[in-house]
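Coordinate inspection notes
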Amino acid sequence: YGHAKKDFIDEHERVFGAYREKYEYYNNSHDEVKKCLQNGYEKANFYADSVTKRAREALGLKSYK
């Protein structure tokens, strides 16, 4: 079964090798990940603030800012 294991490992590396390299890159590049997520964070934060503001106004609560 040694040759089958080697063939399996070779095929696995061929199929998933690029994904593993990408995973390692982003796992070691925290600043790059933060930069990629910043735009989505800003959009989500803007939406959450507007919802919170409407809810506070509806309930008659003071703003927290």
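Look a little higher up for the structure.
These numbers were taken from a predicted model, which means no experiment stands behind them.

What the protein chain contains, in helices and strands, is two helices and zero strands. In terms of C-alpha radius of gyration, the protein chain reaches 24 Å, well past the compact-globule figure of 11 Å for 65 residues. Across its three principal directions, the C-alpha atoms of the protein chain cover 75 × 25 × 15 Å. The burial tally for the protein chain puts 3% of its 65 residues in the buried class. Per element, the accessible surface of the protein chain, about 6,400 Å² overall, is 59% carbon and sulfur. Separation between the mean location of the 13 positive side-chain charges and that of the 11 negative ones in the protein chain comes to 11 Å.

Analysis parameters
- Residues numbered from 1 in each chain as written.
- Predicted model: local features only at pLDDT ≥ 70, side-chain atom pairs only at ≥ 80, totals over all residues.
- Heavy atoms only, no water.
- Helix = DSSP H or I, 4+ residues; strand = E, 2+ residues; numbered from the N terminus.
- Rg over C-alpha atoms; globule rule 2.2 N^0.38 Å.
- Buried < 20%, exposed > 50% of the residue type's maximum accessible area, 1.4 Å probe, protein only.
- Areas by Shrake-Rupley, 256 points an atom, 1.4 Å probe, with all protein chains shown as cover.
- Lys, Arg positive; Asp, Glu negative; His and termini not counted.
- Charge placed at Lys NZ, Arg CZ, Asp CG, Glu CD.

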